[in-house]
Amino acid sequence: MSYTIENLPVAVIGAGPIGLSAAVNLLDAGLTPIVFESGDCAGANLARWGHVRMFSPWSYNMDPKAVSLLKETDWAEPAPSEFPTGNELLKRYVLPLASHQNIAPHLHLNTRVENISRQYHDVLRNKGRAHAPFVVRVSNPQGERDILVRAVIDASGTYQTPNWLGAHGIPAVGELAASQSISYGVPTILGPNSKGYAGKSVLVIGGGHSAFNALQDLVTLSEQSNGMRVLWGIRGASVDNLVRSPKNDELQERRRLEVHIQTLLEEGKIDVFTDIAIEKINTENGKLMVQSHSHELPPVDEIIAATGFRPNLQLLSELRIAIDPATQSPVHLGPLIDPNFHTCGSVPEHGAEELSHPETGFYIVGIKSYGRAPTFLLRTGYKQVASVTSTLANQVIDEEPVEDNTLSCDELAANRCCAK
Ligand SMILES: Cc1cc2nc3c(=O)[nH]c(=O)nc-3n(C[C@H](O)[C@H](O)[C@H](O)COP(=O)(O)OP(=O)(O)OC[C@H]3O[C@@H](n4cnc5c(N)ncnc54)[C@H](O)[C@@H]3O)c2cc1C
């Protein structure tokens, strides 16, 4: 089949809020998106933490371009200053957007991207690389196939690749074997979809807002059910600076959560263990024995690992990507979002330039672009995709034959001499 690369669509991996925003922006820029979503609905990751109330209000959580599109329909716009749960964001914004007549024809559900490469180019090969279309290998219930595209926007999120409990970044000894009793992320604790934490001893590991959410719900549950114990393990030496957001924080819901956890601690409803570095988890008589710095914590029935997430870089292994070695974000973005220096909301504005890779036409956006840094906000992601799609729309793909700059053996030998 013949094609010119300009006529090919732009692949978007993931139909979360940011992937859908990329689709809206691509259409707006005159480009054709093809959106692949592994879940059976758009926003499949949001559904996984749907019970959690967000700390940013609706006005921060929606892309203004998508809002304009939705306003053309009979969509009921949410009140800008209210704080949705993940489920509300899904039902009142993501799903209406995904089913909008402009977006739905470009969306492929139950379709997982397995690999990405460039046509006839593995990662090593130079010649003609920038002019070769990308090959996106997808799998769905019908089987596997390859789709050619002119560019790729990876908005596949991080929720499905959580960090381990183990202190060294790898699973603690015994962690995999104990996986039946460990939940990663922010599991549902209250209500009928809960794993069943009532009456149990539950240890929450992690020092961020996901841990706060889990602790808050566990304490609520413990007030309704007998015999529960809520334990909290953190890496730091104390919980003194728990209320980190300023009084006038523009994300008031975030501060409310911090103050609430502080109150629960003062009321003695949570047992805190500091300086935790988990090395080993054993299962004895149905209880989990957690070993930290060679000390054992009290036995527990369940562990909630609110230890953050990491990007899946495996599907990008045939692309020339440049990743910051610490944050695992695109290399130019890394220093701007390093969690040692930045908290939620204080990351400088950035766009296509900071998100670029040596592989022309490839971008990681959304929460995946932050790698292991925990500070991503949707509002930032919407700005990212506006910049990336405008760069793609203005990108000139030169169809001229490319110069072969492979060095001959003699030239190589000469180079080696020069290098001496
Ligand atoms: C508990 C929690 C609370 C949060 N609260 C806030 C908040 O208050 N404010 C805020 O701004 N942000 C918040 N965030 C952070 C962030 O905004 C969300 O995680 C948001 O969902 C990120 O959007 P995304 O589109 O980048 O990724 P996701 O929403 O994770 O979407 C990625 C999509 O890609 C799909 N996918 C994954 N792999 C593949 C594949 N190989 N092929 C095809 N599809 C694939 C997934 O199924 C998913 O639908 C929160 C995050 C969490 C976990």
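Provided above is the structure to which this section pertains.
An account of the accompanying structure is given in this report.

The rules behind each value
Residues numbered from 1 in each chain as written. Predicted model: local features only at pLDDT ≥ 70, side-chain atom pairs only at ≥ 80, totals over all residues. Heavy atoms only, no water. Buried < 20%, exposed > 50% of the residue type's maximum accessible area, 1.4 Å probe, protein only. Helix = DSSP H or I, 4+ residues; strand = E, 2+ residues; numbered from the N terminus. Arc of directions from axis to C-beta. Contact = heavy atoms within 4.5 Å. Axes fitted to C-alpha atoms, helices over the stretch in contact; angles between N-to-C directions. Parallel < 35°, antiparallel > 145°, perpendicular 65-115°, else oblique. Left-handed = near helix turned anticlockwise from the far one by under 90°. Pairing = 2+ DSSP bridges. Expected span 1.5 Å × (residues − 1).

What follows covers helix 4 (residues 64-71). Among the residues making up helix 4, those that are buried are A66, V67, L69 and L70. The buried residues of helix 4 all sit within an arc of 160 degrees when viewed along its axis, so they share a single face. Relative to its buried face, helix 4 has exposed residues pointing more than 90 degrees away, namely P64 and K71. Elements that come into contact with the buried residues of helix 4 comprise helix 1 (17-28) and helix 5 (86-98).

A few words now on the packing of helix 6 (residues 209-224) against helix 7 (residues 252-266). Packing of helix 6 against helix 7 brings their axes to within 10 Å, and their N-to-C directions diverge by 50 degrees. With respect to helix 7, the element helix 6 is oriented oblique. Crossing of helix 6 against helix 7: the hand is left-handed. Residues H209, F212, N213, L215, Q216 and V219 of helix 6 pack against R254, R256, L257, E258, H260, I261 and L264 of helix 7.

The next thing to look at is the sheet that holds strand 8 (residues 182-184). Taken in spatial order, the five strands of this open sheet run 8-15-9-10-11, and their pairing is parallel. Looking at which strands have only one partner, the edges of the open sheet turn out to be strand 8 and strand 11 (271-273). Ignoring which end each strand starts from, the neighbouring axes of this sheet average 20 degrees apart. Note: strand 8 against strand 15 (residues 302-305), three bridges, orientation parallel. The residue of strand 15 that forms the bridge with I182 is I303. In this fold helix 6 packs onto strand 9 (201-205), strand 10 (229-233) and strand 15, with an angle of close to 165 degrees to the strand it touches most, strand 10.

Right, let's get into helix 1. Relative to the 16 Å expected for 12 residues at 1.5 Å per residue, helix 1 spans 17 Å between its end C-alpha atoms, a close match to the ideal helical length. Counting buried residues in helix 1 gives 10 out of 12 residues, a clear majority hidden from the surface. Turning to helix 1, its buried residues number three or more, namely P17, I18, G19, L20, S21, A22, A23, V24, N25 and L26. Of the residues flanking the end of helix 1, it is G30, one or two places downstream, whose phi is positive at about 85 degrees.

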